[in-house]
Amino acid sequence: MSGEVSLKGKRILSGMRPTGRLHLGNLHGALNNWVNLQNRGGYECFYFVADWHALTSEYKDTSKISAFTIDMIVDWLSAGLDPSRSTFFLQSEVEDHAELFLILSMITPLAWLERNPTYKEMKEELFDRDLSTAGFLGYPVLQAADIIMYKAFGVPVGVDQLPHIELTREIARRFNFLYREVFPIPEPLLTEVPKLLGLDGRKMSKSYDNAIYLRDRGDELARKILSMFTDPERKTKRDPGRPHLCNVFSFHGIYTAPDELEQISEDCKKAAVGCVECKGRLAAAVAVGMAPFHEIQDHYLNNLNEVRDILADGTSRARAIARSTMDEVRDALKIHRLQKM
Ligand code: TRP
Ligand code: SF4
């Protein structure tokens, strides 16, 4: 019981939309952050699959959301998230999120949503979808419900999500002000993220077809790495290169030991190593770095029932917390259950 109290202020929550397999951009941009928070101990970590949020962009073809949900859990597990230390759950199985979303949408001024920069950005990025829906405009309200439902103190996210967290804070404050102090105001938890781009030098993204996935291995992985753009001004092997401007070198920074890294940098600047060899060495290092991931993936892909059990187990824990928050919310709103009227 005392454990429960001391951890109360230390709940962490984050989610991802199941719209595709995870790539190294997701790993180094968010997932590693989640794993570190889990491994630090002292926090109660809740990580969830935001399948309703996936609907905002995928509503015309919903056929892959379930498969991506399972894939996502397998990828999380392979990156070191551990169901005995973190709780994984599925948003759509905790229907209370929809109830809280509805209530929060009643108190959220439209202007807050319309000026949200993430909304504008997403709309531009997903130019091929028709996003003129109420659901898409309300996306951050659902996100606010996800977060405050668990009274999370910290939300590990990438910078792109900061406006959403800011909006969550405003919505929580407004609820507390209008009714009663129910919700703590959550903090975004950002970490230093290495600048890793996709194969073609643009932001790594499934929609640009330039991603290295956590599942890629063997020839596929090597082929992708050998196709990476390098320092654009290094036309031939005789030109000296500029490692600090090269995406391949950024990856070396993560996957290659410091002394070898130093050597590569020197050799690149002196034109003593060619890009093909340099990429070959990176491919080997990434293969080694990813091998433990692939082992875990193989285990769970052969035991998918374990994956479903992990998700079901976490979901029932999440549900218990959500139910109790909704009781408080109903009390605060004076929307009483019939038997209490
Ligand atoms: N919007 C987040 C993303 O696109 C996903 C998400 C939904 C989320 N609900 C959340 C993240 C709550 C953190 C907390 O990545
Ligand atoms: Fe980049 Fe390596 Fe080529 Fe230098 S040698 S430009 S670090 S790929």
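Note: the structure precedes this text.
Attention in this report is confined to the structure presented alongside it. (Residues numbered from 1 in each chain as written. Chains lettered and ligands numbered in written order. Predicted model: local features only at pLDDT ≥ 70, side-chain atom pairs only at ≥ 80, totals over all residues. Heavy atoms only, no water.)

1. Some words on the site of ligand 2
By nearness alone, every residue bordering ligand 2 is listed as Thr 230, Asp 231, Arg 234, Cys 246, Val 248, Phe 249, Cys 268, Cys 275 and Cys 278. Elements with a contribution of two residues or more to the shell around ligand 2: helix H12 (247–255) and helix H14 (275–301). Of the residues in the shell around ligand 2, the class split is 6 nonpolar, 1 polar and 2 charged. (Near = heavy atom within 4 Å. Helix = DSSP H or I, 4+ residues; strand = E, 2+ residues; numbered from the N terminus. Nonpolar A, V, L, I, M, F, W, Y, C, P; charged D, E, K, R; others polar.)

2. A word on H12
Of the positions making up H12, those classed as buried are Asn 247, Val 248, Phe 249, Phe 251, His 252 and Tyr 255. Buried positions along H12 lie against helix H2 (24–40), helix H13 (258–269) and H14. (Buried < 20%, exposed > 50% of the residue type's maximum accessible area, 1.4 Å probe, protein only. Contact = heavy atoms within 4.5 Å.)

3. Details of the site of ligand 1
For ligand 1, the set of nearby residues contains 14 residues, the closest of which are His 53, Tyr 139, Gln 143, Asp 146 and Gln 161. With respect to ligand 1, the side chain of Arg 17 contributes an N or O atom lying 3.3 Å from an oxygen atom. Between Gln 161 and ligand 1, the recorded distance is 3.0 Å, taken from a side-chain N or O atom to a nitrogen atom. Contact with the protein chains removes 90% of the 360 Å² of surface that ligand 1 exposes when unbound. For the shell around ligand 1, the secondary structure elements donating two or more residues are strand E1 (11–16) and helix H9 (139–149). Per-element accounting of the shell around ligand 1 gives the leading share, 4 residues, to H9. (Polar contact = N/O pair within 3.5 Å; in protein donor to acceptor, adjacent residues only side chain to side chain. Areas by Shrake-Rupley, 256 points an atom, 1.4 Å probe, with all protein chains shown as cover.)

4. Side note on the pattern of salt bridges
Once the charged atoms of two side chains with opposite charge are near each other, the side chains can pair. On inspection of all chains with the given rule, the structure shows 26 salt bridges. One salt bridge in this structure joins Arg 129 and Glu 58, with 2.9 Å as the shortest N-O distance. Taken together, the positions of Arg 129 in the loop between helix H7 (117–125) and helix H8 (134–137) and Glu 58 in helix H3 (residues 51–58) put the pair 71 residues apart, joining distant regions of the chain. For Glu 58, a relative accessible area of 17% puts it in the buried group. (Salt bridge = Lys/Arg side-chain N within 4 Å of Asp/Glu carboxyl O.)

5. Focus: helix H15 (residues 304–333)
Look at H15: 42 Å from first C-alpha to last across 30 residues, which is about the 44 Å you get at 1.5 Å a residue. Positive phi appears at Lys 334, one or two residues downstream of H15, with a value of about 60 degrees. (Expected span 1.5 Å × (residues − 1).)

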